[in-house]
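Now for the letters of each chain:
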Amino acid sequence: MKFRDGMWLVNDQFTVQHAEEVYSVTAHEEQKSVTLLAPTKKIFSRGDTLNLATLSVELEAQFDGVISLEVTHHAGARRLGPDFDLFPDGRPESDGAIKKSAEGKETTLTSGSLSATISGNDHTFDIKFHATDGSKHLTSLLHRSVGLAYSPALSNPKQVEDLSAHKHYVFTQTELSVGESIHGLGERFGAWNKIGQNIEVWNEDGGTSSEQAYKNISFWLSSRGYGVFIDTPDKIDLEIGSERCSRLQTTVEGQRLKWYLIYGPTPKEVLTKYSILTGKANRVPAWSYGLWLSTSFTTSYDEDTVNHFVSRMAESKIPVEVFHFDCFWLRAFHWCDFVWDPEYFPDAKGQIQRGKEAGLFNKVSVWTNPYVGQASPVFKYAAEKGYLLKKTNGDVWQWDLWQTGMGVVDFTNPEACEWFSGCMDKLFDMGVDSIKTDFGERIPTKNVQWHDKSVDPSRMHNYYAFIYNKLVYEAVQKRFGKNDAILFARTACAGSQRFPLQWGGDCESTPAALAESVRGGLSLGLASFAFWTSDIGGFEGKPPPWIYKRWVAFGLLNSHSRLHGSNSYRVPWLVDNSSTEPENCTDVLRHWVQLKRQLMPYLYAQSIESVASGWPTSVRAVALEFPDDPTSWYCDREFMVGSQILAAPVFEEDGSAEIYLPPGRWFNFWDGKEVPGGRWIREKYGFLQTPLYVREGTILVLGQAEGSGGFGYDWLNSGGEVRLYGAKGGDKAVLVDTNGDAKGTLEVDWDEKLIGLDALSGEWKVSKLG
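Residues numbered from 1 in each chain as written. Predicted model: local features only at pLDDT ≥ 70, side-chain atom pairs only at ≥ 80, totals over all residues. Heavy atoms only, no water.

A.B. asks: Give a description of the overall build of the protein chain that names residues and reports values.
C.D. replies: Of the regular secondary structure elements, the protein chain holds eleven helices and 46 strands. Referenced to the eigenvectors of the C-alpha coordinate spread, the extents of the protein chain come out at roughly 85 × 70 × 45 Å. At a minimum sequence separation of 6, the contacts of the protein chain that also span at least 24 residues come to 69%. Accessible surface computed for the protein chain: about 28500 Å², of which carbon and sulfur atoms make up 48%. The positive charge centre, built from 77 side chains, and the negative charge centre, built from 98, are 2 Å apart in the protein chain. (Helix = DSSP H or I, 4+ residues; strand = E, 2+ residues; numbered from the N terminus. Contact = heavy atoms within 4.5 Å. Areas by Shrake-Rupley, 256 points an atom, 1.4 Å probe, with all protein chains shown as cover. Lys, Arg positive; Asp, Glu negative; His and termini not counted. Charge placed at Lys NZ, Arg CZ, Asp CG, Glu CD.)

A.B. asks: Pulling in residues and values, what's your account of helix 6 (residues 457-480)?
C.D. replies: Compared with the 34 Å implied by 1.5 Å per residue over 24 residues, the 34 Å span of helix 6 between its first and last C-alpha is a close match. The largest bend along helix 6 measures about 55 degrees and falls at Tyr463. Of all 24 residues in helix 6, 18 are buried; the element is thus mostly enclosed. Capping the start of helix 6 is the job of one residue whose side-chain oxygen sits 3.0 Å from the backbone nitrogen of Ser458: Asp456. Taken from the residues just after helix 6, Gly481 is the one with a positive phi, measuring 115 degrees. (Expected span 1.5 Å × (residues − 1). Bend = angle between axes of the 7 residues up to and from the residue. Buried < 20%, exposed > 50% of the residue type's maximum accessible area, 1.4 Å probe, protein only. Polar contact = N/O pair within 3.5 Å; in protein donor to acceptor, adjacent residues only side chain to side chain.)

A.B. asks: So what's going on with helix 5 (residues 414-429)? Residues and values would help.
C.D. replies: Residues spaced three or four apart along an α-helix face the same direction, because each turn holds 3.6 residues. Over its 16 residues, helix 5 extends 23 Å from the first C-alpha to the last, a length consistent with the 22 Å expected when each residue adds 1.5 Å. Taken together, the buried positions of helix 5 are occupied by Ala416, Cys417, Trp419, Phe420, Ser421, Cys423, Met424, Leu427 and Phe428. Lining the buried residues of helix 5 we find strand 24 (363-368), strand 25 (371-372), helix 4 (377-385), strand 28 (434-437) and helix 6. For helix 5, the capping residue at the N-terminal end is Asn413, with a side-chain oxygen 2.9 Å from the backbone nitrogen of Glu415.

A.B. asks: Hey, could you go over the nonpolar core for me, with residue numbers and the actual values?
C.D. replies: Counting 178 residues, the largest nonpolar core has Phe325, Trp329, Phe420, Met424, Ile435, Tyr464 and Leu589 as its most contacted members. In terms of residue count, the dominant contributor to this core is helix 10 (residues 585-613) (14 residues). Discounting chain neighbours no more than four positions away, the residues touching Phe325 are Thr295, Tyr301, Val306, Trp340, Phe345, Gln351, Val364, Ser365, Val366 and Trp367. Listed in part, the 46 residues of the second largest apolar core include Ala53, Ile127, Leu141 and Val170. (Core = buried A, V, L, I, M, F, W, Y, C linked by side-chain atoms within 4.5 Å.)

A.B. asks: How would you explain the UniProt feature "domain: Glycoside hydrolase family 31 TIM barrel" (unreviewed entry) in the protein chain if you had to name every residue and give the values?
C.D. replies: The residues that UniProt annotates with the feature "domain: Glycoside hydrolase family 31 TIM barrel" (unreviewed entry) are residues 284-605. End-to-end, the C-alpha atoms of residues 284-605 are 12 Å apart, and along that stretch the chain is 38% helix and 11% strand. (UniProt positions renumbered as here; feature names shortened; annotations may be inferred.)

A.B. asks: Can you explain the environment of Leu163? Please cite residues and give values.
C.D. replies: Mapped onto the elements, Leu163 comes out in the loop between strand 13 (146-151) and strand 14 (167-175). Here the alpha-carbon distance between Leu163 and Ser151, two residues twelve residues apart in the chain, equals 9.6 Å. When neighbours within four sequence positions are excluded, Leu163 is seen to be in contact with Tyr150 and His168.

A.B. asks: Which residues make up the pattern of salt bridges, and what values do they have?
C.D. replies: Scanning all chains against the criterion turns up 32 salt bridges. Among the ionic pairs, Arg442 bridges to Asp205, the shortest N-O distance being 3.6 Å. Here Arg442 is found in the loop between strand 28 and strand 29 (448-449), whereas its partner Asp205 is found in the loop between strand 16 (197-201) and strand 17 (216-222), with 237 residues between them in sequence. Judged by relative accessible area, which is 27%, Arg442 ranks as partly exposed. For Asp205, a relative accessible area of 17% puts it in the buried group. Put simply, Arg354 and Asp347 hold a salt bridge, and the shortest N to O gap is 3.1 Å. The class of Arg354 is partly exposed, set by a relative accessible area of 39%. Salt bridges sharing common partners tie together Asp205, Asp438, Glu441, Arg442, Arg490 and Asp506. (Salt bridge = Lys/Arg side-chain N within 4 Å of Asp/Glu carboxyl O.)

A.B. asks: Would you mind going over the sheet that holds strand 12 (residues 137-141) in detail, with residue names and values included?
C.D. replies: The five strands lie next to each other as 8-9-10-11-12, forming an open sheet whose pairing is antiparallel. What marks the edges here is a single partner per strand, and that holds for strand 8 (96-100) and strand 12. The mean angle between the axes of side-by-side strands here comes to 20 degrees, regardless of whether they run parallel or antiparallel. (Pairing = 2+ DSSP bridges. Axes fitted to C-alpha atoms, helices over the stretch in contact; angles between N-to-C directions.)

A.B. asks: Please give an account of the sheet that holds strand 44 (residues 742-748) that cites residues and values.
C.D. replies: With antiparallel pairing, the three strands of this open sheet are ordered in space as 43-44-45. The sheet is open, and its two borders are formed by strand 43 (732-736) and strand 45 (754-755), each paired with just one other strand. Pairing between strand 44 and strand 45: two bridges, direction antiparallel. Its bridge partner being in strand 45, Val748 is matched across the sheet by Leu754.

A.B. asks: Now, about a nonpolar patch on the surface: what can you tell me, with residues and values included?
C.D. replies: A cluster of nonpolar residues, Met7, Trp8 and Leu9, forms a patch on the protein surface that exposes about 440 Å² of accessible area. Along the chain, the position of Leu9 falls in strand 2 (residues 9-10). Take Leu9: its relative accessible area is 51%, and that puts it in the exposed class. (Patch = residues over 30% accessible without salt bridge, like charges linked within 9 Å, V, L, I, M, F, W, Y side chains within 5 Å.)

A.B. asks: Which residues make up the pairing of strand 22 (residues 291-294), and what values go with them?
C.D. replies: Burial along strand 22 is two-sided: Leu291 and Leu293 facing one way and Trp292 and Ser294 facing the other are all buried. Alignment of strand 22 against strand 33 (residues 561-563), held across three bridges, turns out to be parallel. If you follow Trp292 over to strand 33, its bridge partner there is Arg562. Crossover handedness for the path strand 22 to helix 2 (residues 303-315) to strand 23 (residues 322-325): right-handed. (Right-handed = clockwise from strand over helix to strand, strands pointing away.)

A.B. asks: Hey, could you go over the packing of aromatic side chains for me, with residue numbers and the actual values?
C.D. replies: The way to describe two aromatic rings as a pair is by their centre distance and the angle between their planes. For the structure shown, the criterion picks out 59 aromatic pairs. Seen in terms of ring centroids, Trp335 and Trp402 are 5.4 Å apart; in terms of plane orientation they differ by 45 degrees. Their pairing is tilted. One end of the pair, Trp335, is in the loop between strand 23 and helix 3 (348-357); the other, Trp402, is in the loop between strand 26 (390-391) and strand 27 (407-408), and 67 residues separate them in sequence. The buried category is assigned to Trp335, whose relative accessible area is 5%. Ring-pair connections join several aromatic residues into one group, and the members of that group are Phe84, Phe219, Phe229, Tyr260, Tyr274, Tyr463, Phe466, Tyr473 and Phe499. Directly above the aromatic system of Trp615 lies the positively charged group of Lys268, at a separation of 4.1 Å from the ring centroid. (Phe/Tyr/Trp six-rings, centres within 6.5 Å; stacked < 30°, edge-to-face > 60°. Lys NZ or Arg CZ within 6 Å of the ring centre and 35° of its normal.)

A.B. asks: I'd love a proper account of the side chain of Asp535, names of residues and values included.
C.D. replies: The topology assignment puts Asp535 in strand 32 (residues 535-536). Note on Asp535: relative accessible area 0%, which makes it buried. In this view, Asp535 contacts Trp503, Gly505, Cys507, Trp551, Arg562 and His564; residues no more than four positions away in its chain are not counted.

A.B. asks: Please set out the domain arrangement of the protein chain residue by residue, giving values where relevant.
C.D. replies: When its domains are assigned, the protein chain resolves into domain 1 (4-76 + 96-155 + 165-224 + 226-263), domain 2 (286-370 + 423-439 + 462-607), domain 3 (619-680) and domain 4 (696-769). A separation of 48 Å is found between the C-alpha centroids of domain 1 and domain 4. (Domains from an automatic or database assignment.)

A.B. asks: Provide a residue-level description of the side chain of Glu638, including the pertinent values.
C.D. replies: For Glu638, the location among the structural elements is in the loop between helix 11 (622-625) and strand 34 (639-641). Despite its burial, Glu638 pairs with no opposite charge, the nearest such side chain being Arg637 at 7.0 Å. One polar contact links the side chain of Glu638 to the main-chain amide nitrogen of Tyr660, over a distance of 2.8 Å. Contacts of Glu638, omitting those with residues within four sequence positions, involve Val518, Leu522, Val622, Leu646, Ala647, Ala648, Ile659, Tyr660 and Trp680.

A.B. asks: Run through the pairing of strand 18 (residues 226-230), naming residues and quoting values.
C.D. replies: Looking down a regular strand, the side chains alternate between one sheet face and the other. The element strand 18 is extensively covered by neighbouring structure, given that five of its five residues are classed as buried. Residues Tyr226, Val228 and Ile230 point to one face of strand 18 and Gly227 and Phe229 to the other, with burial holding for every one of them. Bridge count for strand 17 against strand 18 is three bridges, and the pairing is antiparallel. If you follow Leu221 over to strand 18, its bridge partner there is Gly227. What sits between the antiparallel neighbours strand 17 and strand 18 is a turn of three residues, in which Gly225 has the positive phi angle 90 degrees. Here strand 18 runs beside strand 21 (residues 256-263); their pairing, made up of five bridges, is antiparallel. Bridging across to strand 21, Tyr226 finds its partner in Tyr263.

Here's what the structure looks like:
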């Protein structure tokens, strides 16, 4: 929201007051923090201390490279929940220190590599965040950069006696440097660089082609090597160089605003520290990297339909790792009561068992959501038990958007959680292995009362995504094991990266939607989401064959790959009417599935490193690997597959594409030719290729394209190829097995010999390129 009308005037909808100076600085040596008293006018006499607001600004050293800042107006306001689950794996020790300058004017709070210096000049408000060694200025809170606002504007100060007719906001404005770009804030589908945008951090079911987002994450990353995590699940309004071109304004409704500034200095180090704060993704099973085939959304299907699809896929030598039953495994109007539609699935448990025994698929996934339609008898049961969200008058909260008369499961009620988890167990008993946790965005905030009376309905809106997916994920873990659990989740907030995986939601079947999906994956990855994917071919509409095939190439280079649509099937022969032309949809899908299977030794090793470090495996931004290359911060049509392979989708029907190669030596994956970087490459590609380049110094282990064991096959003992791309002494590749355990290291010694091959068994070819 814009508090000003241009540079000189205040927006007439607001009364705005700014911290005008730092009146006093109080050091808390034991807490490693300082508290600033900041009045909203300059204090020249004792009389100036009357009839004005003051803001308390607390800076605290959290751990190396991380300092928090909390602005408070009225400290007596209750601190309602929920709160983000911070430091889930333990809090590192703080090495904070407080120092006064020789003149005693400046105060510096140090937290390892990061420092905040508070100016001691008279009648000044100035806080600078910088590298402790003085090597880099990051950002500042300058004159009139911290404040509070009332809306509507006050005509008399006494109006604040009763704020029922007014809203109260707290805001900060951090300085933006020349050339600085801002990225992240969740799975956002617009321009990747957020400079010039107004963004609301508020989950919405809005598809992939607007300013709305399913996954709003209150964390942004700067190209200057720092990031900011805003510590509230409530709605956040950000003006990113869009009210004042040189400032990023963060606003929340309430009496407090807290954020953490995280210094890298590299962006990958920023993400690692952010993941210490909010949590790391758990590893996912190797089998989940294989092809997921869905029934699609509103299509008609039964056991015969399912068997036809998976049988023909098997005949086409396209293995289906996971078969997914979307919404209509349930009866119409009954979503989601966990009862199979008896008309179409009279023996669901037997059907699943028969499909697995026949080798038509290895695993099964089913769709769920956290709502219960009124038509189901389960609604009455859940309502009577108190499992559904209520209005303040005690009625069950209901509406007709999505399911007729639906209620929302109240996950603040422990008994409702136990019941919902039990519903998952019944599905697992039937042979279900994974859950698609759809929806969870449209959570009401007006006139509602949660079971837990200590939570604020507005803060619950975004946070619901966390407790919903946490509950289901832990139910899957309890049944199958800590590292053998996986979801297919649509909604998320900060911390949801702990419950993989997430997918991009409802995209159209167009080139623009493919580009939107790339931008969404890039943005989400900048909040430590290690695993992400999109609906191959697009969700809405019927993709033309060329779009389907280009999306197949993109989707199979994601960590996870699912064929899913809305009102049309996504099996390849129905997309191109069983074409037998060269590079038809079936042949193209087979090719990319086989390539991904070959890449599994590399992909899985990369995922283990990503999980440990808080980095994205899937659709990793080029800037994470090449932060010193200014162009990389503007590359939103390409991505890294892990750390060593650079890829880009093809967006043109004639096959023409371009990719930017950062400085250095690169190798074309398809023909091995060396290509110098620091430039754009423009070429045409058939459907069996896409721009794909390997970094110099890569030791790439490629397994088998075909074979038994699905995608969880024993790739270290099955033979394959080891490619050395310009590798020299000291270059390494860690060998990881299907359990995620390190089994050895391939390394080029200083005599340029490859050592460590004894960790592999079977027939392996070694190829040297460059």
